Amino acid sequence: MSNIVLMTRRVASAAATDMMHTSSRTTAPLISSFGNLSINNNISSATTSVTNNNQLNYFSSMATKKSNIVELPPNLKFDPRAKSSPFYGADEVETSRRKKQLQKKVEGQEAAAAAATTAAEDVENNDDGDDEYTDIEDDVDDEADEERVLYDLSTKADVPRAIPLPQRLHVPVMDFNSGDEVGTFHLSEKTFGCDPVRVDILQRVVVWQRNKKRGKRNAGARTKTISEVSGSGRKVRNQKGGGIARAGHSRPAHWRGGAKAHGPKGNIQDYTTKLNKKVRRMGMRHALSQKLLEGNLVITNDMASNTHKTKVLDEMLNRFDVSGKYGVTALMVDDAQAKEGSEDEAFVHGGVNVNLKVASGNLHKIKVQNQIACNVYDMLKYKKLFLSLEAVRALEARLEK
């Protein structure tokens, strides 16, 4: 019994010794392996973060790129080449999906044509005389047949932006005869630098101006109504049986010698409205600021024309894309002042060059006037506004009081 216990104790001690040696041999490799694992984890995390950043950048760029790709809705009936179209100027995107759809559509059409030809041949070759109906199914779905038209909006031309203030006030001075730039000029901020432009003020001034033009009727411009026209109230003919329109009396407005419908009433009609002078001046300043904001304000050194020929003036204005068959309209404002006794005195009348006034008489897209007659309605009506340096100085002095 004692021998068995002793042998059991020896086996247990030997096993414990072997385990201790084994653990001492495997501890260092395990530690080193765990250290490599931690290093590898750091490297893999850094690599993963870089990869994720690259993927985010890639997907963000793809999202930005895809956001610029817009599909033309098939239910909209307009030409993408029209300037009013939102796709004007954008390039059409050739997608592989659309190419596949077109190819599939062509293949479907060819298969349908081949099936129809085969069915016709079978009917002709049928000796029994039995009617055989062949159902030809179109493999291409109607929705898949629709051609998806995609446009890349990033290829559109940039919308012209207005020059911010105060850089906007520094404008070039153009030579009226040659169309070349001869210098620069700094406009007044009080007159040409209104920001934002008050559209409500412009509307009030335009309504006041049009009402003033309509004005007050002349006292002599007065017509007679039915009650004032001479003539009896007797019924001119029978109500029925004459085969002609019924009539009650001989004074209706559509009869000869009858009354005038909706005619002038003399002093009773007055369309003029009141608008304060400060508001009118404010409207002028905002209209001038709007023209400068749009880029339709042209400052010239003068507006003196050497000849009264319309053809010469038309060629001069073509340099500014004005007049002609495809040119825009323009309002030309000058404040020419001729010295007494000088040679130019005969060529200036009412603050405007006489040759310019005569030459522009046959150009329906041009209107020439003095700066004192410059108004909001004409500035909004015409596309471009031409101002001479004398007119600019006079307008600034008059509107900044």
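Throughout, a residue's number is its position along its own chain's written sequence, starting from 1. Residues qualify for local features only when their pLDDT is at least 70, as the model is predicted, and side-chain atom pairs are given and counted only at 80 or more; totals for whole chains, interfaces and linings, by contrast, use all residues. To get the side-chain values, all heavy atoms of the structure are used, and hydrogens and water are removed first.

**Let's talk about the overall build of the protein chain**
Stated formally: Only runs of H or I of at least four residues qualify as helices and only runs of E of at least two qualify as strands under DSSP, and these elements are numbered from the N terminus. Relative accessible area decides the class of each residue, using a 1.4 Å probe on protein chains only: under 20% of the type maximum gives buried, over 50% gives exposed, and in between gives partly exposed. Two residues qualify as a contact provided that any one of their heavy atoms is within 4.5 Å of a heavy atom in the partner residue.
Regarding its fold elements, the protein chain presents ten helices and eleven strands. Looking at the protein chain as a whole, 28% of its 401 residues qualify as buried. Pairs at least 24 residues apart make up 72% of the contacts formed inside the protein chain by residues separated by at least 6 positions.

**Thoughts on the packing of helix α6 (residues 277-294) against helix α10 (residues 389-399)**
Quick note on the threshold: Orientation is described by axes fitted as lines to C-alpha atoms, over the contacting stretch for helices, and by angles from 0 to 180 degrees between their N-to-C directions. By the definition adopted for this analysis, an angle is roughly parallel if under 35 degrees, roughly antiparallel if over 145, roughly perpendicular if from 65 to 115, and oblique otherwise. The crossing is said to be left-handed when, going from far helix to near helix, the turn is anticlockwise and less than a right angle, and right-handed when the turn is clockwise.
In contact at an axis separation of 10 Å, α6 and α10 are set at 140 degrees when each is read in the N-to-C sense. By the angle class used here, α6 and α10 are oblique. Like other packed secondary-structure pairs, α6 and α10 cross with a definite hand, here left-handed. Of α10, the residues touching α6 (which contributes R281, M284, R285 and L288) are L395, R398 and L399.

**Describing α6**
An α-helix turns once per 3.6 residues; consequently, residues spaced three or four apart project the same way. Condition: By this rule, a helix spans an expected 1.5 Å times one less than how many residues it contains.
Here α6 contains 18 residues, and its C-alpha end-to-end distance of 26 Å stays within 8% of the 26 Å for a straight helix at 1.5 Å per residue. When we look at burial in α6, the residues that qualify are V279, G283, M284, R285, H286, A287, L288, S289, K291 and L292. G295 occupies a position one or two residues after α6 and carries a positive phi of about 85 degrees.

**Some details on the sheet that holds strand β3 (residues 150-152)**
Convention followed: Note: two strands are recorded as paired if DSSP finds a minimum of 2 bridges between them.
If you trace the three strands from one edge of the open sheet to the other, you get β1-β3-β2, paired in antiparallel fashion. The strands lining the two open edges of the sheet, one partner per strand, are β1 (69-71) and β2 (91-93). Direction aside, neighbouring strands of the sheet carry axes that sit 40 degrees apart on average. Here β2 pairs with β3 via three bridges, running antiparallel. Bridge pairing in β3 places V93 opposite L150.

**Description of the sheet that holds strand β7 (residues 330-334)**
Whenever strands of a sheet pair, they do so through backbone hydrogen bonds, lying parallel or antiparallel. The strand order β5-β4-β6-β11-β7-β10 describes an open sheet built from six strands, whose pairing is mixed. Across the chains shown, the open sheet's two edge strands, defined by having one partner strand only, are β5 (181-186) and β10 (366-370). Shown here is a sheet whose adjacent strand axes are inclined to one another by a mean of 30 degrees, direction ignored. By the bridge criterion, five bridges tie β7 to β10 in an arrangement that is parallel. In the strand pairing of β10, M332 is matched with V368. Lying on the sheet, α6 is in contact with β4 (170-174), β6 (297-300) and β11 (384-388); it crosses β11 at an angle near 110 degrees. Relative to the sheet, α10 contacts β4, β5, β6, β7 and β11, its axis offset from that of β11 by approximately 90 degrees.

**Brief notes about the packing of helix α5 (residues 199-214) against α6**
For clarity, the threshold we go by: Ten residue types, Ala, Val, Leu, Ile, Met, Phe, Trp, Tyr, Cys and Pro, are classed as nonpolar, four, Asp, Glu, Lys and Arg, as charged, and the remainder, Gly among them, as polar.
Across the interface, α5 lies against α6 with an axial gap of 9 Å and an inter-helix angle of 120 degrees. The orientation of α5 relative to α6 falls into the category oblique. Taken as a pair, α5 and α6 cross one another with a handedness that is left-handed. Facing I201, L202, R204, V205 and W208 of α5, the residues of α6 in contact are V279, R280, M282, G283, H286 and A287. Partitioning the contact of α5 with α6 into residue classes produces seven nonpolar, two polar and two charged.

Such coordinate-based values are descriptive only and should not be taken to indicate function.
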